[in-house]
Amino acid sequence: MNHTTVVEFVLLGLTNSRHLEIILFLFLVMAYFLILLGNITVISITLVNHFLQTPMYYFLRNFALLETTFTSMFIPSTLYSLLTERKMISLPGCFLQMLLFFHLGTCPFFHVAAMSLDRYVAICRPLHYTTIMNNRCCLQLVLACWAVSFVLMFPPTIMIVQLPFCGPNVMNHFYCDTSLLLQLSCTDTGFIEGLMLTVLIIIIPGTLIVTAVSYGCIMITILHIPSSTGSNEETNCMWPVWFIGFFLTDFSNYQQLQPTSPRCFMQIA
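The rules behind each value
Residues numbered from 1 in each chain as written. Predicted model: local features only at pLDDT ≥ 70, side-chain atom pairs only at ≥ 80, totals over all residues. Heavy atoms only, no water. Pairing = 2+ DSSP bridges. Helix = DSSP H or I, 4+ residues; strand = E, 2+ residues; numbered from the N terminus. Salt bridge = Lys/Arg side-chain N within 4 Å of Asp/Glu carboxyl O. Buried < 20%, exposed > 50% of the residue type's maximum accessible area, 1.4 Å probe, protein only. Phe/Tyr/Trp six-rings, centres within 6.5 Å; stacked < 30°, edge-to-face > 60°. 1 Å grid on protein atoms, 1.4 Å probe; cavity = no way out; pocket = protein on both sides within 12 Å on 5 of 7 lines; lining within 4 Å. Points joined across faces, edges and corners; volume = space filled by probe spheres on them. Nonpolar A, V, L, I, M, F, W, Y, C, P; charged D, E, K, R; others polar. Contact = heavy atoms within 4.5 Å. Axes fitted to C-alpha atoms, helices over the stretch in contact; angles between N-to-C directions. Parallel < 35°, antiparallel > 145°, perpendicular 65-115°, else oblique. Left-handed = near helix turned anticlockwise from the far one by under 90°.

Visitor: Give me the pairing of strand β1 (residues 8-11): which residues, what numbers.
Guide: Of the pairings in the sheet, the one linking β1 to strand β2 (residues 88-90) comprises three bridges and is antiparallel in character. Bridging across to β2, F9 finds its partner in I89. When β1 meets strand β3 (residues 170-171), the two strands line up parallel, connected through two bridges. By the bridge assignment, L11 is partnered in β3 with M171.

Visitor: How would you explain the pattern of salt bridges if you had to name every residue and give the values?
Guide: Evaluation of the coordinates by the stated rule reveals one salt bridge. Across the pair R119 and D118 runs a salt bridge, and its minimum N-O distance is 3.0 Å. The exposure class assigned to D118 is buried, which follows from its relative accessible area of 1%.

Visitor: I'd like to hear about the packing of aromatic side chains, residue by residue, with values.
Guide: Enumeration according to the criterion identifies 11 aromatic pairs in this entry. Ring geometry for F74 and F101: centres 5.5 Å apart, planes at 80 degrees, overall edge-to-face. In this pair, F74 sits in helix α2 (residues 55-84) while F101 sits in helix α3 (residues 91-124), placing the two residues 27 residues apart along the sequence. In terms of burial, F74 and F101 fall into one category: buried.

Visitor: Give a detailed account of empty space enclosed by the protein, specifying residues and quantitative values.
Guide: Counted under the stated rule, the structure contains one cavity of 30 Å³ or more. The calculated volume of the largest cavity comes to roughly 60 Å³. In terms of lining, the largest cavity is formed by L11, G13, L14, T78, S81, L82, K87, H173 and F174. Top contributing element to the lining of the largest cavity by residue count: α2, with three residues. Of the residues in the lining of the largest cavity, the class split is four nonpolar, four polar and one charged.

Visitor: Residues and numbers for the sheet that holds β3, please.
Guide: With mixed pairing, the three strands of this open sheet are ordered in space as β2-β1-β3. With one partner strand each, in any of the chains shown, β2 and β3 form the two edges of the open sheet. Its contacts with the sheet place α3 against β1, β2 and β3, and it is angled at close to 85 degrees to β2.

Visitor: Hey, could you go over the packing of α3 against helix α7 (residues 190-223) for me, with residue numbers and the actual values?
Guide: Interaxial distance between α3 and α7 falls to 9 Å at its minimum, and their mutual angle equals 20 degrees. As far as their axial angle goes, α7 and α3 are roughly parallel. In this structure, α3 crosses over α7, and the sense of that crossing is left-handed. Split by residue class, the contact of α3 with α7 holds 18 nonpolar, six polar and one charged.

Visitor: Report on the packing of helix α5 (residues 135-161) against α7, specifying residues and quantitative values.
Guide: For the pair α5 and α7, the least separation of the axes is 10 Å and the interaxial angle reads 165 degrees. Comparing their axes, α7 and α5 come out roughly antiparallel. For α5 against α7, the interelement crossing comes out left-handed. Where α5 approaches α7, its residues L152, M153, P156, M159 and I160 are matched on the opposing element by F191, I192, L195, M196, V199 and I203. Split by residue class, the contact of α5 with α7 holds 11 nonpolar, no polar and no charged.

Without other data, these values stay purely geometric and don't point to any function.
Spelled out as structure tokens, the structure:
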């Protein structure tokens, strides 16, 4: 049977209506501006303010940088597509977008775990905090977050890159979604789907266990501190808890990484 090798994919986007595309364009421009403004503000303040030169704000600054990078990977290309109505993406561009999505999408889980470890040492081991959480240790933790997420997600990405694509090249999405990409391959992808699921099982529950255990120990320690001192420690600890809770509310969005059935991908009318 003759096949045509796919050299680019067609991304249908969010809607076929030009009026809705204009509304979405304006909404995304405003949202992207606010994201950049907020993260740049966090990065700038934590760099300039001498009182914020602590490990806690160091991790927060890196998390803001990570969020800026992640959103910049999708929103500008989506804005360009909405503005010019160009729905095409090359095969290498699609693979690069997928690799960055995997890498930058898993990094936040490791960053949150590192932040919880920092708070654990600060609350439960306060006398050793400055010794343990020094500049070198913080840098190593951040680099480890980036490196481990890349190492774990690189093998399935390489396997997807080597898949043959010789059938339809239309994706009902606004970026190169992995699930749809696997469905467009003209070979069996069961092993890759199983590998991706295994990696996600290692990453997500593993980092969440570290975070839960760390804050569990923190809460136990706070309960054993006299009320006058414990209130100060609780205040120092609560904002990372709220931050992590807010981060976990977006966990359902990250389930795009796991291969799902075609029924899960619906286009907005």
